[in-house]
Amino acid sequence: MLQFISNIFSYGFAQRALLVGLPVSLCAALLGVSLVLKRYSMIGDGLSHVGFGALCVAAVMNLAPLQVAVPVVAAAAFLLLRISESTGVRGDSAVAMISSVSVAVGLIAASLSKGLNTDVSGYMFGNVLSMEKGDVPLSVALSVTVLLVYVLCYNKIYAVTFDESFARATGVNAGFYNTLIAVLTSVTVVVGMKIMGTALISSLIAFPALTAMRVCRSFKAVTAAAAGVSAVCFFTGLVASFWLETPAGATVVVVSAVGFLGAVIVEKIVKRSLRPIKR
């Protein structure tokens, strides 16, 4: 098995997928804990659709994909929050509106050219082969920046996640940190789209957090466990995709789902073992 894994990562595209995928999975897991607790985990799915629309437009105009998608998706994240706060539209409804419009714009842009090319199709469904050398430095730099900002703002993010009203009362600028979480999520989504695809990137946000919550109770423990689960599931899914000759993104999702089910089973067993015996 070790020889098989060694052979996989002797290829440049596999090395690039791992180098970009692991930091992205860590970012998604850390942000996912806050998003799941705030019942806003579907923002990842919505932003990925915005990213798809931006990438379609960038491909038609022959522009650099990441340099176009990152600011567009960040602006969409900010707009999502403003819609929810100023119009009374619920978060899930705002996500549905913006994501559907973004996909529609992307498809129209693609139809006005000569249809979806290989690169844009790869963004929709994920493709490890599409990770080029030029993508790695920017992707890694963005991921590391997200991790650093999250660590530096951890206490404030914790505060607005658990009790936003109390955080505001203690002087925390909750609006700023909510926006920060959304912007960091948008960067993570865009960077991870080449590997996971638009349709699957939100799984990196939801599954690790939900899995960690089954076996941990404190915010810090859940955050650490989610990061570990995400890294293990991504690596396992990537290796399994080569072994089974299946799409990498889809395989990572299936491995994450299996991990979640395993955590649910462990949780039930522990609860049953701690239940007092009736006489």
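Check the entry above for the structure.
This structure is a prediction, so every number in the text was calculated from the model and none was measured.

Engineer: Teacher, can you tell me more about the pattern of salt bridges here?
Structural biologist: Close approach of charged atoms lets side chains of opposite charge pair. Evaluation of the coordinates by the stated rule reveals 4 salt bridges. Close ionic contact of Glu-164 with Lys-38 constitutes a salt bridge, the shortest N to O distance being 3.2 Å. Taken together, the residues span a long stretch of sequence, with Glu-164 in helix α9 (residues 164-169) and Lys-38 in the loop between α2 (12-37) and α3 (43-60) at a distance of 126 residues. Judged by its relative accessible area of 27%, Lys-38 falls in the partly exposed class. Measuring nitrogen to oxygen at the nearest pair gives 3.6 Å for the salt bridge that ties Glu-267 to Arg-217. In this pair, Glu-267 is assigned in helix α13 (residues 248-274) and Arg-217 in the loop between α11 (202-215) and α12 (219-244), connecting sequence segments 50 residues apart. It is possible to trace a salt-bridge network through shared partners that takes in Lys-38, Glu-164 and Arg-168.

Engineer: In this structure, what is going on with the nonpolar core? I would like to understand it.
Structural biologist: Nonpolar side chains tend toward joint burial in soluble globular proteins. Within the largest apolar cluster, 80 residues are counted, with the highest numbers of intra-cluster contacts made by Phe-9, Leu-47 and Leu-80. Those residues within four positions of Phe-9 in sequence are excluded, and the remaining contacts are Ala-14, Gln-15, Leu-18, Phe-235, Leu-238 and Val-239.

Engineer: I would appreciate a short explanation of the packing of aromatic side chains in the present structure.
Structural biologist: Each aromatic ring pair is characterised by the separation of its centres together with the angle its planes make. Here the structure, examined in full by the defined rule, presents 10 aromatic pairs. Considering the side-chain rings of Phe-9 and Phe-235, the 5.7 Å spacing of their centres and the 15 degrees angle between planes classify their relative orientation as stacked. On the criterion of sequence distance, the pair formed by Phe-9 in the loop between α1 (2-8) and α2 and Phe-235 in helix α12 is long-range, its members being 226 residues apart. Since its relative accessible area comes to 31%, Phe-235 is described here as partly exposed. Three or more aromatic residues joined by ring pairs make a cluster, and in this case those are Tyr-150, Tyr-154, Tyr-158, Phe-162 and Phe-219.

Engineer: When you look at a nonpolar patch on the surface in this model, what are you seeing that I'm missing?
Structural biologist: A cluster of nonpolar side chains, contributed by Leu-37, Tyr-158 and Phe-162, occupies part of the molecular surface with about 290 Å² of accessible area. Relative to the helices and strands, Leu-37 resides in helix α2.

Engineer: I would appreciate a short explanation of unusual backbone geometry in the present structure.
Structural biologist: Note on backbone geometry: most residues besides glycine have negative phi, and most peptide bonds are trans. Of note, Asn-62 is a non-glycine position whose phi angle comes to about 55 degrees, a positive value. Within the element layout of this structure, Asn-62 appears in the loop between α3 and α4 (65-87). Despite not being glycine, Glu-245 shows a phi value in the positive range, around 60 degrees. Following the sequence through the fold, Glu-245 ends up in the loop between α12 and α13.

What counts and how
- Residues numbered from 1 in each chain as written.
- Predicted model: local features only at pLDDT ≥ 70, side-chain atom pairs only at ≥ 80, totals over all residues.
- Heavy atoms only, no water.
- Salt bridge = Lys/Arg side-chain N within 4 Å of Asp/Glu carboxyl O.
- Helix = DSSP H or I, 4+ residues; strand = E, 2+ residues; numbered from the N terminus.
- Buried < 20%, exposed > 50% of the residue type's maximum accessible area, 1.4 Å probe, protein only.
- Core = buried A, V, L, I, M, F, W, Y, C linked by side-chain atoms within 4.5 Å.
- Contact = heavy atoms within 4.5 Å.
- Phe/Tyr/Trp six-rings, centres within 6.5 Å; stacked < 30°, edge-to-face > 60°.
- Patch = residues over 30% accessible without salt bridge, like charges linked within 9 Å, V, L, I, M, F, W, Y side chains within 5 Å.
- Areas by Shrake-Rupley, 256 points an atom, 1.4 Å probe, with all protein chains shown as cover.

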